[in-house]
Amino acid sequence: EATIELKAADGSRNVGLEKLCVYLPNGKPLVAADGFAIRTPERVLVTGPSGSGKSTLFRAIAGIWPFGTGTIDIPAQAKLMMLPQRPYFPVGALGDAVIYPSAPGAFQAARIRDAVIAVGLPDLAERLGEDGHWNRMLSLGEQQRLGLARALLHMPDYLFLDEATASLDEPSEARLYRLLTEKLPQATIVSIGHRSTLDAFHTRKVTMVKNGMIHV
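Residues numbered from 1 in each chain as written. Predicted model: local features only at pLDDT ≥ 70, side-chain atom pairs only at ≥ 80, totals over all residues. Heavy atoms only, no water.

Topic: the overall build of the chain
1) Next: Helices and strands together make up the secondary structure of the chain, namely seven helices and 13 strands.
2) Next: Expected size for 216 residues packed as a compact globule is a radius of gyration near 17 Å; at 17 Å, the chain falls within 12% of this value.
3) Next: With the principal axes as the frame, the chain shows a C-alpha extent of 50 × 35 × 35 Å.
4) Next: When each of the 216 residues of the chain is scored for burial, the buried share is 49%.
5) Next: A separation threshold of at least 6 residues defines the contact pool for the chain, and within that pool the share at least 24 residues apart is 74%.
6) Next: Entry remark: accessible area of the chain is about 10400 Å², with carbon and sulfur atoms responsible for 52%.
7) Next: Charge centroids of the chain, computed over 23 positive and 22 negative side chains, lie 3 Å from each other. (Helix = DSSP H or I, 4+ residues; strand = E, 2+ residues; numbered from the N terminus. Rg over C-alpha atoms; globule rule 2.2 N^0.38 Å. Buried < 20%, exposed > 50% of the residue type's maximum accessible area, 1.4 Å probe, protein only. Contact = heavy atoms within 4.5 Å. Areas by Shrake-Rupley, 256 points an atom, 1.4 Å probe, with all protein chains shown as cover. Lys, Arg positive; Asp, Glu negative; His and termini not counted. Charge placed at Lys NZ, Arg CZ, Asp CG, Glu CD.)

Topic: empty space enclosed by the protein
1) Next: Inspection of every chain in the model, using the stated rule, returns one cavity of 30 Å³ or more.
2) Next: Its boundaries defined by the atoms lining it, the largest cavity holds a volume of some 60 Å³.
3) Next: Taken together, eleven residues line the largest cavity, and the ones lying closest to its centre are Phe-36, Ile-38, Val-46, Leu-57 and Val-190.
4) Next: Going through the elements one at a time, strand E4 (36–38), strand E5 (43–47), helix H1 (54–62) and strand E12 (204–209) are the ones with two or more residues in the lining of the largest cavity. (1 Å grid on protein atoms, 1.4 Å probe; cavity = no way out; pocket = protein on both sides within 12 Å on 5 of 7 lines; lining within 4 Å. Points joined across faces, edges and corners; volume = space filled by probe spheres on them.)

With respect to the packing of aromatic side chains
Any pair of aromatic rings gets described here by the distance separating the centres and the angle formed by the planes.
1) Next: Taken as a whole and assessed by the stated rule, the structure comprises four aromatic pairs.
2) Next: Ring plane angle 80° and centroid distance 5.2 Å describe the contact between Trp-65 and Phe-67, whose orientation is recorded as edge-to-face.
3) Next: A ring pair is formed by Tyr-88 and Tyr-100, whose centres lie 5.1 Å apart and whose planes are at 75°; its orientation type is edge-to-face. Placement of Tyr-88 in the loop between strand E7 (80–83) and strand E8 (92–93) and of Tyr-100 in the loop between helix H2 (94–99) and helix H3 (109–118) is noted, with a sequence separation of twelve residues between them.
4) Next: According to the relative accessible area criterion, Tyr-88 is partly exposed, its value standing at 47%.
5) Next: Overall, Tyr-100 belongs to the partly exposed group, its relative accessible area being 34%. (Phe/Tyr/Trp six-rings, centres within 6.5 Å; stacked < 30°, edge-to-face > 60°.)

Looking at the layout of surface pockets
Left-over empty space is what a probe sized like a water molecule reveals as it rolls over the atoms.
1) Next: Roughly 260 Å³ of internal volume is contained in the largest pocket.
2) Next: If you go around the largest pocket, you meet 13 residues; those closest to its centre are Met-81, Met-82, Tyr-100, Pro-101 and Arg-150.
3) Next: No other element matches the four residues that E7 contributes to the lining of the largest pocket.
4) Next: Residues of the lining of the largest pocket, tallied by class, amount to ten nonpolar, one polar and two charged. (Nonpolar A, V, L, I, M, F, W, Y, C, P; charged D, E, K, R; others polar.)

So, the packing of helix H6 (residues 140–154) against helix H7 (residues 170–183)
1) Next: Interaxial distance between H6 and H7 falls to 11 Å at its minimum, and their mutual angle equals 5°. The pairing of H6 with H7 is recorded here as roughly parallel in orientation. Each of Arg-145, Leu-148 and Leu-152 in H6 lies in contact with H7, whose residues at this interface are Ser-172, Leu-176, Leu-179, Leu-180 and Lys-183.
2) Next: Residues that form the contact of H6 with H7 fall into these classes: five nonpolar, one polar and two charged. (Axes fitted to C-alpha atoms, helices over the stretch in contact; angles between N-to-C directions. Parallel < 35°, antiparallel > 145°, perpendicular 65-115°, else oblique.)

Description of the environment of Leu-94
1) Next: Tracing the backbone through its elements, the reader meets Leu-94 in helix H2.
2) Next: Residue Leu-94 is classed as buried on the basis of its relative accessible area of 0%.
3) Next: Among residues more than four places away in sequence, those in contact with Leu-94 are Leu-124, Arg-127, Leu-128, Glu-130, Trp-134 and Leu-146.

Some remarks on H6
Owing to its 3.6 residues per turn, the α-helix aligns residues three or four sequence positions apart on the same side.
1) Next: Between its first and last C-alpha atoms H6 spans 21 Å; for 15 residues at 1.5 Å apiece the expected length is 21 Å, and the two agree.
2) Next: Counting buried positions over the 15 residues of H6 gives 13, a clear majority of the element. (Expected span 1.5 Å × (residues − 1).)

Some details on the nonpolar core
1) Next: Of all hydrophobic cores here, the largest spans 39 residues; its most connected members are Val-116, Leu-146, Leu-159 and Leu-161.
2) Next: The set of elements that each furnish at least two residues to this core consists of E7, H2, H3, helix H4 (122–125), H6, strand E10 (158–162) and H7.
3) Next: In terms of residue count, the dominant contributor to this core is H6 (six residues).
4) Next: If we ignore the near neighbours within four places in the chain, the residues touching Leu-161 are Phe-58, Leu-83, Leu-148, Tyr-177, Leu-180, Ile-189, Val-190, Ser-191 and Ile-192.
5) Next: One finds Ile-4, Phe-36, Ile-38 and Tyr-158 within the second-largest nonpolar core, a separate group that totals 25 residues. (Core = buried A, V, L, I, M, F, W, Y, C linked by side-chain atoms within 4.5 Å.)

Without other data, these values stay purely geometric and don't point to any function.
Now the structure itself:
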């Protein structure tokens, strides 16, 4: 059975897509890309119509979408993080939910608190020891801010944002993108988004079409 191969690339600093065809589970082609690279430390904005495979491509790069053929080269030892539109927060203490998937105690409480304050949630920074079902208790905007706090703590080499700020107003979104640029200067950031205001925070724009990828 054909599957997408994820390959650790020694000596490379780029994520590369080689002869990649991403399918739907029923075998229908969704995305095709060959010789396409995301270079470090680029800021790439991915746009395109609904159904063109943007989120599915992110899942393939994360290794959680096997349907397709071809190779995705990931720099060896690189740390990737995917933030979807609705981040996952395990039930339990808020501080532990923010640092997921790290184990409780992996980060000092002061660091978690600083990150939560940095993304504009000072009230929640006082509730890190509180237990709760945070995906139900917090607004989607609050969840998205906490997702970015998670990214600040984990400091990934590659941060993939799948409409991860879509529930925020444009000024708040701009502040958070400036924060990411300031706090994660070496990170490669790849965003899926539809607002033209995002252009200012990215160095390259990629427009996906049905059954393919066009880069500008």
